[in-house]
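Letter by letter, the chains look like this.
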Amino acid sequence: MLLCPRCNIPLKGGRTPQGTAYFCPQCKGRATSWAVVRGRAPKSIAIQLWKQAKEQKDRHGGACPLCHRPMAVVPIVHNEHTIPIDICPNCYLAWFDRTEWEALPQAPPSVSPPEKELSPAAREAIARAKIEQIARREATSEDLPSEPWQWIPALFGLPVEVEGPTLRSIPWLTWGTVAACVLVFLFSLQNLNVFVEELGFIPAQPFRLGGLTLLTSFFLHGGLFHLIGNMYFLLVFGDNVEDHVGRWFYLALLILAHVTGSLFHALGDPRADIPCVGASAGISGVIVFYGLQFPKAKLGIFLRYFFYLYWLPFSAIWGLVAWILLQIIMAYSQLSGLSDVSALAHLGGATVGVAAWILWKNQVLLATWFGFPQRPQQLDG
């Protein structure tokens, strides 16, 4: 349930002319999605408020009704008075105390000519233009990558995190894992085939070296592009997951997803004597957890059509759906012996990502089984 940041009591949902909001029956404050705020406030003001909230590092606002972390406090000016409002960039949520919603500036209503002065043909043309405008969603500057370095992976067809959860701590474990994989790759370059044969995961011998290859195969990669691709996905999605769940839960997610993915590969791949290496099974669990936990995070990718590039923005949850469908198709190719990419390992890691997300949402089981601190129950909208 959603809790009031002032009274710490459940909020009640309701419809307003602007959209859905959640009200506190005691203090009369309201929580609403940022999309509703953007629909009410002038675009320039909404962009400025959001930018200030994203850039605010030390947040001392009330607890977010969804994630219960401190919200950013940003000021708005109303009738020569400065009024602070609370914004949570992680959950795309804003909180307004009793009189603050009315203080939010409103965008001027669009003025259109009276319909009686238009001919039937003109009214039909206007209606058709509106339908085409809704159906044709053109990418705006807000959708494009905001950091210069993001254009490099985007141009190579890799998804870019345009707008995601704000980090609250340094993702040391993610960075350390990437560094370890890079160091192992550089060290193994002197005789890569030997390292892969000795420490890679072989389906016909899943528990050789006492099961050690179930772990060592994570750090080995078959080539430079294999390494770069895996580490890119780990850096983009792993830092947010580590920041959200903590290092120990994140470490368990990575290990269990990789081991489970390796066993899925052993059960299904017809080439039982070929070593399998790479961190993609563990990273698949992280990708799935990210997509389920942060479904509204904004991602984007460049699609190439001959010499033209088209920017395609999408939410994390739709990206996850497309990724899973792609893995199912690739798994069929793998089972047919047509692909060298282990999509079965990816799907195995994905199942652990789903299970970990369900377990994380159920804090009672998590606290009982593993002794992790129990958070207040929440509802992600």
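Thresholds, definitions, all that
- Residues numbered from 1 in each chain as written.
- Predicted model: local features only at pLDDT ≥ 70, side-chain atom pairs only at ≥ 80, totals over all residues.
- Heavy atoms only, no water.
- Pairing = 2+ DSSP bridges.
- Helix = DSSP H or I, 4+ residues; strand = E, 2+ residues; numbered from the N terminus.
- Axes fitted to C-alpha atoms, helices over the stretch in contact; angles between N-to-C directions.
- Parallel < 35°, antiparallel > 145°, perpendicular 65-115°, else oblique.
- Left-handed = near helix turned anticlockwise from the far one by under 90°.
- Contact = heavy atoms within 4.5 Å.
- Nonpolar A, V, L, I, M, F, W, Y, C, P; charged D, E, K, R; others polar.
- Buried < 20%, exposed > 50% of the residue type's maximum accessible area, 1.4 Å probe, protein only.
- pLDDT = per-residue confidence, 0-100.
- Patch = residues over 30% accessible without salt bridge, like charges linked within 9 Å, V, L, I, M, F, W, Y side chains within 5 Å.
- Areas by Shrake-Rupley, 256 points an atom, 1.4 Å probe, with all protein chains shown as cover.
- Salt bridge = Lys/Arg side-chain N within 4 Å of Asp/Glu carboxyl O.
- Polar contact = N/O pair within 3.5 Å; in protein donor to acceptor, adjacent residues only side chain to side chain.
- Core = buried A, V, L, I, M, F, W, Y, C linked by side-chain atoms within 4.5 Å.
- Domains from an automatic or database assignment.

Colleague: Go over the sheet that holds strand S9 (residues 308-315), please, and point to the residues and values.
Modeller: Strand order in the open sheet formed by 3 strands is S7-S8-S9, with antiparallel pairing between adjacent strands. The sheet is open, and its two edges are formed by strand S7 (160-163) and S9, each paired on a single side. The average angle at which neighbouring strand axes cross in this sheet is 40°, direction not considered. Pairing analysis gives 3 bridges linking S7 to strand S8 (residues 298-305), with the strands arranged antiparallel. Its bridge partner being in S8, valine 160 is matched across the sheet by glycine 300.

Colleague: Quick one: what's the story with the packing of helix H12 (residues 316-335) against helix H13 (residues 343-361), residue by residue and with numbers?
Modeller: Look at H12 against H13: their axes get within 8 Å of each other, and the N-to-C directions meet at 140°. By the angle between their axes, H12 is oblique relative to H13. Here H12 runs over H13; the crossing is left-handed. On H13, the residues touching Trp323, Gln327, Met330, Ala331, Gln334 and Leu335 of H12 are Ala343, Leu344, His346, Leu347 and Ala350. Residue classes in the contact of H12 with H13 are distributed as 8 nonpolar, 3 polar and no charged.

Colleague: Could you give me a rundown of the environment of isoleucine 301, with the residues and numbers involved?
Modeller: Looking at the element boundaries, isoleucine 301 is found in strand S8. For isoleucine 301, a relative accessible area of 18% gives the class buried. If we skip the residues at most four places from it in the chain, isoleucine 301 touches Gly157, Leu158, Pro159, Tyr310, Trp311, Leu312 and Phe314.

Colleague: Explain the pairing of strand S5 (residues 81-88) residue by residue, including any values.
Modeller: By the bridge criterion, 3 bridges tie S5 to strand S6 (residues 93-96) in an arrangement that is antiparallel. Residue pairing across strands places isoleucine 87 opposite alanine 94, the latter belonging to S6. The turn linking S5 back onto S6 is made up of 4 residues, and tyrosine 92 within it adopts a positive phi angle of 55°.

Colleague: Requested: an account of the confidence of the model for the protein, with residues and values cited.
Modeller: Of the residues in the protein, 84% have a pLDDT of 70 or more, and the chain-wide mean is 82. Low confidence marks residues 134-142, where pLDDT is under 50. Its contacts with residues over four positions away, or in another chain, come to 8 contacts. Scored below 50 in pLDDT, residues 374-381 makes 25 contacts in the model with residues more than four places away or belonging to other chains.

Colleague: Give me the lowdown on a nonpolar patch on the surface, citing residues and values where you can.
Modeller: A contiguous nonpolar patch, built from Leu303, Tyr305, Phe306, Phe307, Tyr308, Tyr310 and Leu312 and spanning about 900 Å² of accessible area, is present on the exposed surface. Mapped onto the elements of the fold, leucine 303 is located in strand S8. Under the relative-accessibility criterion, leucine 303 is labelled partly exposed at 42%.

Colleague: Provide a residue-level description of the side chain of histidine 244, including the pertinent values.
Modeller: By the secondary structure assignment, histidine 244 is in helix H9 (residues 224-245). On the accessibility criterion, histidine 244 (10% relative accessible area) is buried. At 3.1 Å, the side chain of histidine 244 and the side chain of glutamine 293 are in polar contact.

Colleague: So, the packing of H9 against helix H10 (residues 247-268): which residues are in play, and what are the values?
Modeller: The N-to-C vectors of H9 and H10 enclose an angle of 135°; their axes lie 7 Å apart at closest approach. Of the possible angle classes, the one that applies to H9 and H10 is oblique. Side by side, H9 and H10 meet where Leu234, Gly238, Val241, Glu242 and Val245 of the first sit next to Arg247, Phe249, Tyr250, Leu253 and Leu254 of the second. Classifying every residue of the contact of H9 with H10 by side-chain character gives 7 nonpolar, 1 polar and 2 charged.

Colleague: Explain the nonpolar core to me, and be specific about the residues and the numbers.
Modeller: Core analysis: the biggest nonpolar cluster contains 58 residues, and Trp34, Leu49, Ile87, Leu104, Val241, Phe289 and Tyr290 have the highest contact counts within it. It is H9 that contributes the most residues to this core, 8 residues altogether. Summarising the domain contributions, this core has at least three residues from each of domain 1 (12-103) and domain 2 (148-370). Aside from chain neighbours lying at most four places away, what touches phenylalanine 289 is Val241, Val245, Phe249, Leu253, Gly353, Ala356, Trp357 and Trp360. Core analysis: the next-biggest nonpolar cluster, separate from the first, contains 13 residues, Cys24, Cys88, Leu93 and Trp95 among them.

Colleague: Quick rundown of the pairing of S8? Include the residues and the values.
Modeller: Bridge count for S8 against S9 is 8 bridges, and the pairing is antiparallel. Across the sheet, residue tyrosine 305 finds its bridge partner in S9, namely tyrosine 308. Remark: 2 residues form the turn of the hairpin made by S8 and S9, two consecutive strands paired antiparallel; phenylalanine 306 in that turn has positive phi of roughly 55°.

Colleague: Break down the pattern of salt bridges for me, with residues and values.
Modeller: Counted under the stated rule, the structure contains 4 salt bridges. Residues arginine 6 and aspartate 97 are paired through a salt bridge, measuring 2.9 Å at the closest nitrogen-oxygen approach. Within this pair, whereas arginine 6 is found in the segment before strand S1 (12-16), its partner aspartate 97 is found in the loop between S6 and helix H3 (100-103), the two being separated by 91 residues in sequence. The exposure class of aspartate 97 is partly exposed, given its relative accessible area of 24%. Linking arginine 69 and aspartate 243 is a salt bridge whose minimum nitrogen-to-oxygen distance equals 3.4 Å.

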